[in-house]
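Letter by letter, the chains look like this.
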2 protein chains.
Amino acid sequence: MNREALKGHLDLLILSVLADGPLHGYAVIDELRTRSGEVFDLAEGTVYPVLHRLEVAGHLSSEWGEVGGRRRRSYRLTRAGSARLEQQRASWQLFSASVNTVLRRKPWPSTP
Amino acid sequence: MNREALKGHLDLLILSVLADGPLHGYAVIDELRTRSGEVFDLAEGTVYPVLHRLEVAGHLSSEWGEVGGRRRRSYRLTRAGSARLEQQRASWQLFSASVNTVLRRKPWPSTP
DNA sequence: GGCTACGCCTCGTAACGCTAGGTGTAAAGA
DNA sequence: TCTTTACACCTAGCGTTACGAGGCGTAGCC
């Protein structure tokens, strides 16, 4: 898979897994890996900055907790985050449909 | 549409339109805009460097010509370019399918 | 004569994902 | 006991990329 393929689509993926309930960062990575069938195996250095960015943007809210002696920061979608997710979904639909259209186009059949 | 959405997918699109026959740079832009229903309206500063990069990589070959007093550089897919296209296609299929899988996943239905 | 479309080019910038490095706890294995 | 692995967080810097802005030149139209 292309190294840059995720660019511009990562927010969508992360918002998407968080739409099914709050998760902490590490769990987001796990969830994405599992759901995608090991295709998306994201580095921590990839995911954490995104979570921070989304929180600053108001699309996520976070809450510190502790489980089994380990600090965790749990993220949940805000109302704005849900709206953002829907918008990103639509954006993805348009994008992928357009790519597929370009890909499917074949040259004119020979008309003898 | 996301500003970065194209990243990592642009080569695929360009190789794809060139698979249906040689085109010069300006025509590539036109073709992509038309095929995508105006969705992909790429800047020249985006496309020309990609064509150069793909040529250096051996995926395209170019030929200068003149039509109506205007210089044109026509690009055509090499054999390596065709192989690259197929590989990129497969890559896109995997990527988009994986994104869709992540998007479609819903929380477990309540089992009362 | 000026504007638009055609047709090519390059430099600089911003944004992004990721590598590499760091901190710390808990559990499992040697 | 010591070390490794998994969990869980963080950040600075790097490389790639698409794109904006600018430049060069021709043809055709108003």
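Because the structure is predicted, anything quoted here is derived from the model rather than measured. (Residues numbered from 1 in each chain as written. Chains lettered and ligands numbered in written order. Predicted model: local features only at pLDDT ≥ 70, side-chain atom pairs only at ≥ 80, totals over all residues. Heavy atoms only, no water.)

(A) Geometry of the protein's contact with DNA strand C. In the vicinity of DNA strand C, 28 residues are found, and the nearest of them are B:Y26, B:E44, B:Y48, B:R72 and B:R73. Counting only atoms of DNA strand C within 4 Å of the protein, the sugar-phosphate share comes to 69%. Residue A:R70 places a side-chain N or O atom 3.3 Å away from a sugar or linking oxygen belonging to DNA strand C. B:R72 places a polar side-chain atom, nitrogen or oxygen, 2.4 Å from a phosphate oxygen of DNA strand C. Considering every element that reaches the surface near DNA strand C, the biggest residue donor is helix 3 (residues 44-56) of chain B, with five residues. (Near = heavy atom within 4 Å. Polar contact = N/O pair within 3.5 Å; in protein donor to acceptor, adjacent residues only side chain to side chain. Helix = DSSP H or I, 4+ residues; strand = E, 2+ residues; numbered from the N terminus.)

(B) Broad picture of the protein's contact with DNA strand D. Around DNA strand D sit 28 residues in total, of which A:Y26, A:E44, A:R72, A:R73 and B:R3 are the nearest. Taking the atoms of DNA strand D that fall within 4 Å of the protein, sugar and phosphate contribute 69% of them. Between A:K7 and DNA strand D, the recorded distance is 3.5 Å, taken from a side-chain N or O atom to a base nitrogen. In this structure, a sugar or linking oxygen belonging to DNA strand D sits 3.3 Å away from a side-chain N or O atom of B:R70. Breaking the surface near DNA strand D down by element, the ones donating at least two residues are helix 2 (25-35), helix 3 (44-56) and strand 3 (70-77) of chain A together with helix 3 of chain B. The biggest single contributor to the surface near DNA strand D is helix 3 of chain A, with five residues. Split into classes, the residues belonging to the surface near DNA strand D amount to eight nonpolar, nine polar and 11 charged. (Nonpolar A, V, L, I, M, F, W, Y, C, P; charged D, E, K, R; others polar.)

(C) Quick peek at the relation of the copies chain A and chain B. Overlaying chain A with chain B gives an RMSD of 0.0 Å, the required rotation being 180° about an axis along which the chain moves by 0.0 Å. On the angle and the small slide along the axis, the relation comes out as a two-fold axis. Using C-alpha coordinates, one finds that chain A approaches the rotation axis most closely at A:K7, a distance of 3.0 Å. With an isologous cut-off of 70% or more, the 100% of interface residues of chain A that recur at the interface of chain B puts this contact in the isologous class. (Least-squares fit on C-alpha atoms with pLDDT ≥ 70 in both. Contact = heavy atoms within 4.5 Å.)

(D) Structural view of the sheet that holds strand 3 of chain A. Residues and elements named next belong to chain A. Reading across from one edge, 1-3-2 is the order of the three strands in this open sheet, with antiparallel pairing throughout. The sheet terminates laterally at strand 1 (23-24) and strand 2 (60-67), the two strands that pair on one side only. Where strand 2 meets strand 3, eight bridges bridge the pair, whose relative direction is antiparallel. Residue pairing in the sheet places S61 in a bridge with R76 of strand 3. (Pairing = 2+ DSSP bridges.)

(E) Molecular detail of the interface of chain A and chain B. Between chain A and chain B, the residue contacts involve 34 residues of the former and 34 residues of the latter. A combined buried area of about 3,100 Å² lies between chain A and chain B, and 66% of that area is made up of carbon and sulfur atoms. Of all residues in chain A, the largest losses of buried area upon contact with chain B belong to A:R35, A:V102 and A:L103, amounting jointly to 21% of the total for that side. At the boundary of chain A with chain B, the tally comes to zero salt bridges. Our count for the contact surface shared by chain A and chain B stands at 10 residue pairs in polar contact (both at pLDDT 80 or more). (Buried area = accessible area lost by both parts, 1.4 Å probe. Salt bridge = Lys/Arg side-chain N within 4 Å of Asp/Glu carboxyl O.)

(F) The side chain of B:S16, seen in detail. Checked against the element boundaries, B:S16 lands in helix 1 (residues 10-18). With residues near it in sequence (within four places) discarded, B:S16 still touches A:V102, A:L103, B:R35, B:L85 and B:R89.

(G) Representation of the pattern of salt bridges within the structure. Enumeration over the complete set of coordinates arrives at 16 salt bridges over all chains. Each of A:D20, A:E31 and A:R35 takes part in a single network of salt bridges with overlapping partners.

(H) Spotlight on the sheet that holds strand 2 (residues 60-67) of chain B. All names here are of chain B. Here we have three strands laid out as an open sheet, ordered 1-3-2, and antiparallel in their pairing. In the strand order of this sheet, the two ends are held by strand 1 (23-24) and strand 2, each with one partner. Of the strand pairs in this sheet, strand 1 and strand 3 (residues 70-77) are connected by two bridges, and their pairing is antiparallel. Bridged to L23 within strand 3 is Y75.

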